[in-house]
Amino acid sequence: MMRKKSVSASKASLVLFLCQMISALEVPLDSKLLEELSQPPTITQQSPKDYIVDPRENIVIQCEAKGKPPPSFSWTRNGTHFDIDKDAQVTMKPNSGTLVINIMNGGKAEAYEGVYQCTARNERGAAISNNIVIRPSRSPLWTKEKLEPNQVREGDSLVLHCRPPVGLPPPIIFWMDNAFQRLPQSERVSQGLNGDLYFSNVQPEDTREDYICYARFNHTQTIQQKQPISVKVFSMDSLNDTIAANLSDTDIYGAKPVTERQPVLLTPTGSTSTKVELRGNVLLLECIAAGLPTPVIRWIKEGGELPANRTFFENFKKTLKIIDVSEADSGNYKCIARNILGSAHHVISVTVKAAPYWITAPRNLVLSPGEDGTLICRANGNPKPNISWLANGVPIAIAPEDPSRKVDGDTIIFSHVQERSSAVYQCNASNEYGYLLANAFVNVLAEPPRILTSANKLYQVISDSPALLDCAYFGSPKPEIEWFKGVKGSILRGNEYIFHDNGTLEIPVAQKDSTGTYTCVARNELGKIQNEVQLEVKDPTMIIKQPEYKVVQRYGQVSFECIIKHDSTLLPTVIWLKDNDELPDDERFLVGKDNLTIMNVTDRDDGTYTCIVNTTLDSVSASAVLTVVAAPPTPAIIYARPNPPFDLELTGQLERSVELSWIPGDENNSPITNFVIEYEDGLHEPGVWHYQTEVPGTQTTVQLKLSPYVNYSFRVIAVNEIGRSQPSEPSEQYLTKSASPDENPSNVQGIGSEPDNLVITWESLKGFQSNGPGLQYKVSWRQKDVDDEWTSVIVANVSKYIVSGTPTFVPYEIKVQALNDLGYAPEPSEVIGHSGEDLPMVAPGNVQVHVVNSTLAKVHWDPVPLKTVRGHLQGYKVYYWKVQSLSRRSRRHVEKKILTFRGNKTFGMLPGLEPYSSYKLNVRVVNGKGEGPASPDKVFKTPEGVPSSPSFLKITNPTLDSLTLEWGSPTHPNGVLTSYILKFQPINNTHELGPLVEIRIPANESSLILKNLNYSTRYKFYFNAQTSVGSGSQITEEAVTIMDEAGILRPAVGAGKAMASRQVDIATQGWFIGLMCAVALLILILLIVCFIRRNKGGKYPVKEKEDAHADPEIQPMKEDDGTFGEYRSLESDAEDHKPLKKGSRTPSDRTVKKEDSDDSLVDYGEGVNGQFNEDGSFIGQYSGKKEKEPAEGNESSEAPSPVNAMNSFV
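The rules behind the values
Residues numbered from 1 in each chain as written. Predicted model: local features only at pLDDT ≥ 70, side-chain atom pairs only at ≥ 80, totals over all residues. Heavy atoms only, no water. pLDDT = per-residue confidence, 0-100. Contact = heavy atoms within 4.5 Å. Disulfide = S-S within 2.5 Å. Helix = DSSP H or I, 4+ residues; strand = E, 2+ residues; numbered from the N terminus. Buried < 20%, exposed > 50% of the residue type's maximum accessible area, 1.4 Å probe, protein only. Salt bridge = Lys/Arg side-chain N within 4 Å of Asp/Glu carboxyl O. Pairing = 2+ DSSP bridges. Axes fitted to C-alpha atoms, helices over the stretch in contact; angles between N-to-C directions. Phe/Tyr/Trp six-rings, centres within 6.5 Å; stacked < 30°, edge-to-face > 60°. Lys NZ or Arg CZ within 6 Å of the ring centre and 35° of its normal.

Peer 1: Looking at this model, I keep getting lost on the confidence of the model for the chain. Mind explaining?
Peer 2: Regions with low pLDDT carry predicted coordinates that are not meant to be interpreted in detail. Mean pLDDT for the chain: 83, with 83% of residues reaching 70 or above. Contacts from residues 1045-1064, a stretch scored under 50 in pLDDT, to residues over four places away or in other chains number 36 contacts. Per-residue pLDDT stays below 50 along residues 1098-1210; that stretch engages in 193 contacts with residues further than four places along the chain or on separate chains.

Peer 1: Would you take a moment to explain the state of the cysteines for this structure?
Peer 2: In a disulfide, the sulfur atoms of two cysteines are held together by a covalent bond. Here the structure, examined in full by the defined rule, presents six disulfides. What pairs with Cys287 in a disulfide is Cys335, and their sulfur atoms sit 1.8 Å apart. Measuring handedness by torsion sign, the sulfur bridge of Cys287 and Cys335 sits at about -70 degrees and is left-handed. Of this pair, Cys287 sits in the loop between strand 22 (283-286) and strand 23 (288-292) while Cys335 sits in strand 27 (residues 331-339), and the two are 48 residues apart along the sequence. With respect to burial, Cys287 and Cys335 carry one shared label: buried. Residue pairing for Cys471: its cysteine sulfur links by disulfide to Cys520, the two sulfurs lying 1.8 Å apart. One disulfide, between Cys471 and Cys520, carries an S-S torsion of -60 degrees and so falls in the left-handed class.

Peer 1: Would you explain the pattern of salt bridges in this entry?
Peer 2: Where side chains of opposite charge bring their charged atoms close, a pairing between them can arise. Applying the stated criterion across every chain yields a total of 37 salt bridges. Here Asp539 ties to Lys512 by a salt bridge, and the two come within 3.6 Å at their closest N and O atoms. With Asp539 in the loop between strand 46 (527-538) and strand 47 (542-545) and Lys512 in the loop between strand 44 (505-507) and strand 45 (516-524), this residue pair connects regions lying 27 residues apart in the sequence. Judged by its relative accessible area of 34%, Asp539 falls in the partly exposed class. Look at Lys512 and you get partly exposed, because its relative accessible area is 41%.

Peer 1: Before we go on, may I ask you to explain the sheet that holds strand 48 (residues 550-553) in this structure?
Peer 2: To summarise the sheet geometry, strands pair through backbone hydrogen bonds and adopt either a parallel or an antiparallel arrangement. On the basis of which strands lie adjacent, the open sheet formed by five strands has the order 48-56-55-51-52 and mixed pairing. On the outer flanks of this sheet lie strand 48 and strand 52 (581-582), each paired with one strand and no other. Where strand 51 (residues 573-578) meets strand 55 (residues 607-614), six bridges bridge the pair, whose relative direction is antiparallel. Looking at the pairing, Lys578 lines up with Tyr609 of strand 55.

Peer 1: How should the pairing of strand 51 be read in this particular structure?
Peer 2: Regular strands place their side chains on alternate faces of the sheet. Bridge count for strand 51 against strand 52 is two bridges, and the pairing is antiparallel. Paired with Lys578 across the two strands is Asp581, which belongs to strand 52. Once strand 51 ends, the chain turns through two residues before running back antiparallel as strand 52, passing Asp579 with a positive phi of about 55 degrees.

Peer 1: In this structure, what is going on with unusual backbone geometry? I would like to understand it.
Peer 2: Glycine aside, a negative phi is what most residues show, and trans is what most peptide bonds show. The omega angle of the peptide bond from Lys68 to Pro69 is 0 degrees, so this bond is cis rather than trans. With respect to the helices and strands, Pro69 occurs in the loop between strand 4 (63-68) and strand 5 (72-77). Put simply, Ser476 and Pro477 share a cis peptide bond, and its omega is 10 degrees. The topology assignment puts Pro477 in the loop between strand 41 (473-476) and strand 42 (480-485). Of note in this structure, Asn78 is not a glycine but carries a positive phi near 55 degrees. Among the secondary structure elements, Asn78 is positioned in the loop between strand 5 and strand 6 (80-81). Positive phi, normally seen in glycine, also occurs at Arg163, with a value near 45 degrees. Relative to the helices and strands, Arg163 is located in the loop between strand 13 (158-160) and strand 14 (172-176). According to the relative accessible area criterion, Arg163 is exposed, its value standing at 54%.

Peer 1: Before we go on, may I ask you to explain the environment of Ala289 in this structure?
Peer 2: Looking at where Ala289 falls in the secondary structure, it is placed in strand 23. Separated by 26 residues in the primary sequence, Ala289 and Pro263 have C-alpha atoms spaced 6.1 Å apart.

Peer 1: Quick question: what am I supposed to make of the sheet that holds strand 45 here?
Peer 2: The mixed open sheet is built from four strands, whose spatial order is 39-46-45-42. Of all the strands in the sheet, the pair left with one neighbour each is strand 39 (457-462) and strand 42. Ignoring which end each strand starts from, the neighbouring axes of this sheet average 25 degrees apart. Sheet topology note: the strand 39/strand 46 ladder contains six bridges and is parallel. Bridging across to strand 46, Lys457 finds its partner in Val533.

Peer 1: I would appreciate a short explanation of the packing of aromatic side chains in the present structure.
Peer 2: Given two aromatic rings, their pairing is described by the distance between the two centres and the angle made by the two planes. Tallied over the full model, the rule gives 21 aromatic pairs. When the ring of Phe984 is compared with that of Tyr1019, the centres are 6.1 Å apart and the planes differ by 65 degrees; the resulting orientation is edge-to-face. Residue Phe984 is located in strand 81 (residues 979-987), and its partner Tyr1019 is located in strand 84 (residues 1018-1026); the two are separated by 35 residues in the primary sequence. Judged by its relative accessible area of 2%, Tyr1019 is buried. One cation-aromatic arrangement involves Lys858 over Phe907; the distance from NZ or CZ to the ring centre is 4.9 Å. Its guanidinium or amino end placed over the ring of Tyr879, Arg924 lies 4.0 Å from that ring's centre, counting from NZ or CZ.

Printed below as a string of structure tokens:
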């Protein structure tokens, strides 16, 4: 007999749609189903009942609803229809009922105050929103008042009244001073709930003139400020000083000190008061007392206790706060203010009223034609609320009659409903403190059955555990559900099954034979539908060898075993824990497949170790305790490699496996970490030992997988930290039976070596992979995409087969299958190969060249048709070479350059071109065989560029006021030279640079005599060539004019004007002879002084002398000595203008040569190595390396000081 049962709470999370069981029809939350079913409107979003808006922003009154068909919306305002089409400031959002009132473009918020209600309507009914009261927020200014200063005697109480303006919503009150700092509050001074500032007793430090009350209106984000209040506290000392002027000394001594007073309540006044609060709100009660010393406040509830977990004290216990109040919190609350002189108290009688709240809110009702149902609306409150019903927004008393409907107070009873009975009902529960409004629809549907559970859904459970098979359904009338096992099985009945009301089939104890296909059938009077699900019952996971309790000596080794058995279709994961936490991150902990090994055990390793095995369906665990003890004292330990294992034994021989066991040899004081097992194939490779596997050092047996047709013998090698043992003696031999091959050759390929063949290659199976005698290979092929039969040959002892007479480069399907005397290997997978390639037939067409700049060009071409490639397209090669330089009109050896662009690219960049040159290029397609024919040569020319530096610069024939410059033309003019630019400037003894002079020289000149230079002056020269594109890199040199014979200072070089120089023999001048005599005398005196100091044992300051007479050319510049002002052009770089230091001078012939350009791509782009994309296109910008430009002009980069002006080199 079939039995039904509701799912327990513990299984609720496992089953869909088992959590609600009601008599009416329940519509599942299936998105596809909800889109298809007709449904009355439901309000999904609406604005709050009391909606205070910012008068400066647009008013948005929300009303969103859903239904099928989608509902339309309308509004009432103050109980009458609100025609939004007649108000240009009001719009309704598309597909929504939300109103937007435009205040920011001229509307006034005050004009839209009122009570709004939204109605959402479709053919199945109408839902209404709450009454939404719209009020703009207000933040009025403080009324002006004249505030008298407060003069108070020390110890008296004081109340500073705030009296903030009435705002909407009420403002937040706080007190601050003129510096916008909050006034400190304490048990003595605090702010009341009404905003007033209370002083239980005043002290002299309370004297100040800036007690300011602030009101913050959050909605408008404004703060209003009351006028500052002045408080002056008179101490007894100040009173005595005042009285002393008029009274005798005796009277002064009669002045009383500050009087202590017992507590008096400042608020609330009187002995009792009342307070009414609504259920669910926060109850705030306040008592503030005056007195000296400052009173302490305590609260009690008469006849009861203050509610635990909901009671809080604020404002130094002057405020009692109880959250989420209920009727049980009504009663008398007493506050007691106490100091050492006495106490005062006040009793507040609290009454908790309640706005309506739901006991049972009406719920949507989905019924089938002819069914019965009820809508229940139950609410409570204090006073008890009145319940009224509406139908589609109209009071039910005046709504259209429905014979299936009967109203009985808070319940509507429906009998034998029809589709026309669909409607939305509203329940209104109200009392003097508020109201509740709920919409609930009655939807009468006639729908054939639908099954919402996915078809062929797979359920997996562990044996002996419950299985829950879903059959989520919907239909109206409610369908009947039946379950079958198998496609043609009989209906399931009996106590071994549980059938839930939502369609779920429960098998309380699933067994292996429960595996199979289950069919769910749903039927009602409108139709029938079925769905199949699959159930798989898995073996449980078990730990067949659990970890055991272990005692180990410190610094020893220990191992815990955890051998498991699980269902072959489940993948287990093993996790080890120590004391229910992760294992320490320590390399001493070694987690193996079936065990946990701890090396070099320490005291910290003591604890409980747990092995947890998880699968996707179950989890098991087992634990064991490890105890670490101290090791006894031992003599010096000698460590060595372990002795070889012995007594190897083969047991449990099967066709494909065998169990090998052994006895470990002596560890020799170093624990064995692992055993290595090797095997010998006496049939195919006698005498050759191969690695088989290895196991942890705690394991002495292993199950070995074997291959057919192999004569096995095994040996074992022990390993510890010292090294490997000698191999054990071989085990007995075990010859496995022959079998057909298990696998096919790998790495099968088909690549043609000639245009008319296909070479099929593979990697042959090794001897033990043959599984039996007579190993051969069945090679099969057929042309792809052609309806051909397979062609096959059988070959032996080879790994290659050549198919001749094939078309050029066509795809073939290829497979190679192994076979032996016992049969074939499994069907091999197919691979795609190609017959041989031939050279491409055609050249790329429509070759176009776009010159990007003087060193870079972009070439385009049309791809060749793939059929003409006749092979794997590897890319395109661009051959390009320089024909001649346009500036020299001389040919040179043609060196062709090649750029390869991989893949099916149709463009590429040609870097490293020489400016002002003529080039040719052609393009060829490339496949695996080679290159195709070249496209017709394409000629292109590069524009002019900037020249390289002049090939050399010599400075010869120095005289008193002239130098001769000779130079060589640039090695790479890169265009037509238009001129040379010479810049030069003098250098003084402190390496500062003088004004810069620039001269432009015709391009056909190769020398220049500079005249009118200063005598005995070093000059630095900058020289470069120009084309129409610009200036090239410069070459620099330094030279010195000889000393003037007449000793007359020459004027500075300026504006190119020349002046004559008299040639006078300086050696005949009297001033020169006198100067030389003075120098000789000074040297003689210096030698005498040095001789005297040396005889006295003094030390001669050689270093100081060397520093004083150092070569000015190698002295470092002093930045702060003030000898010379810094002189630098606005465009100069100090590093460029420094003279060459010793060791870096030019050669003796004063020739400076620049390295010839070799078109290296290393110079491509700001001195960084050039880079190519995968397609060969160049990245970067091609440019030669340039020296910095010399300074131009003679303007300093800083404002010249008078000292600098006087000391500047002329």
